[in-house]
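# Inside the fold
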Amino acid sequence: MNNLNSPFLPDMVNIWQQTMNWTPTVHQQELFQKLYELILSGNSQQNLTRITEPQEFWEKHLWDSLRGIAFLLSGQAQENTGDTEELTPSSVLISNLQSPIQNPKSKIQNPKFPTFIDIGTGAGFPGIPIAITVAHGTVTLLDSTRKKIAFLDRVKDELHLTNIKTVTGRAEEISHQIQHRQCYDVALIRAVGTASVCAEYTLPLLKQGGLAVIYRGNWMEDEAKSLKNAVQQLGGTIESVEEFTTPLTHSIRHCLYLRKVATTPSQFPRAVGVPTQKPL
Ligand code: SAM
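Residues numbered from 1 in each chain as written. Predicted model: local features only at pLDDT ≥ 70, side-chain atom pairs only at ≥ 80, totals over all residues. Heavy atoms only, no water.

Under an unreviewed UniProt entry, the name given to the chain is Ribosomal RNA small subunit methyltransferase G, and the source organism is Scytonema hofmannii PCC 7110. According to UniProt, the comment filed for the chain under the heading Subcellular location (unreviewed entry) is "Cytoplasm". A UniProt comment under Function (unreviewed entry) is attached to the chain, and it reads "Specifically methylates the N7 position of a guanine in 16S rRNA." (UniProt positions renumbered as here; feature names shortened; annotations may be inferred.)

Laid out in structure tokens, this is it:
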């Protein structure tokens, strides 16, 4: 089975409805499918992702990417096509609703045209699924690897995603540039470093009141202490930590939400490599 459309995509739509109170349009489903195909073909030229099996791709790359911003999607009116009406709700998935979405749209202050940045986006996650889904927002994809950004430029063109911008560079340097510092409503980061490192990469890029979303697998309470210390130095607070279960493999995952409440001191982020070598 190498096609996201068939035979299980209807079930996936159902899962989105049940877990996020959101339904992708047919156009969005087509874009997810094309994205999957582009990733598979890109993978034959460079090492983009190990996640290539369709259900795993759906859960770990598509569903997980959107789970971090479910507070924005929940209840969003869809220009729907009716093709989801015949679906039967899955009791298994309903019982999996471990983490109701809290603090809906208040999480960001300008939800009409939000600006996102995805730091260390790699093959485009979580940024591309978010660009497909939040078409009224703009998503900047940042990665230090030029080859990955070249691939993402191709994806952007092939999918006609005019709301995507790409930037090659290190978060430690980009964050000091006037065109990026304090410019974003939401900073996303997945699988790039420890929570404290992620805080140092994300908070300087946020506008006052902006939100950092740190995607995590495990989250230990003892990490909270060092994160709290880091976040305080960077002008932020830990707003919430959401634990949830993924819908297919029932894995535990976390999203940490940090709020920017004060200007980040100009020495942050520190020079390239320092945040990882000497976490705050
Ligand atoms: N976020 C993607 C995901 O979850 O599938 C990719 C994660 S991959 C493990 C980490 C990515 O972060 C790599 O593509 C790497 O080039 C990038 N990266 C690591 N440190 C970075 C930094 N300081 N600035 C920008 N990109 C960075």
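Read on for the rest.
### Notes on the pattern of salt bridges
Evaluation of the coordinates by the stated rule reveals 9 salt bridges. For arginine 190, the salt bridge goes to aspartate 64, with nearest N and O atoms at 2.9 Å. In this pair, arginine 190 is assigned in strand β4 (residues 184-190) and aspartate 64 in helix α3 (residues 54-67), connecting sequence segments 126 residues apart. Using a relative accessible area of 13% as the deciding quantity, one classes arginine 190 as buried. By relative accessible area, which is 2% here, aspartate 64 ends up buried. (Salt bridge = Lys/Arg side-chain N within 4 Å of Asp/Glu carboxyl O. Helix = DSSP H or I, 4+ residues; strand = E, 2+ residues; numbered from the N terminus. Buried < 20%, exposed > 50% of the residue type's maximum accessible area, 1.4 Å probe, protein only.)

### A look at the site of the ligand
Of all residues adjacent to the ligand, which total 17 residues, the nearest are Gly120, Phe125, Asp143, Ala171 and Arg190. Within the side chain of aspartate 143, an N or O atom sits 2.7 Å from an oxygen atom of the ligand. The backbone of alanine 171 places a nitrogen or oxygen atom 2.9 Å from a nitrogen atom of the ligand. Relative to its unbound accessible surface of 600 Å², the ligand loses 78% to contact with the protein. The cavity where the ligand resides is the largest pocket. (Near = heavy atom within 4 Å. Polar contact = N/O pair within 3.5 Å; in protein donor to acceptor, adjacent residues only side chain to side chain. Areas by Shrake-Rupley, 256 points an atom, 1.4 Å probe, with all protein chains shown as cover. 1 Å grid on protein atoms, 1.4 Å probe; cavity = no way out; pocket = protein on both sides within 12 Å on 5 of 7 lines; lining within 4 Å. Sits in = over half its atoms within 2 Å of the grid points.)

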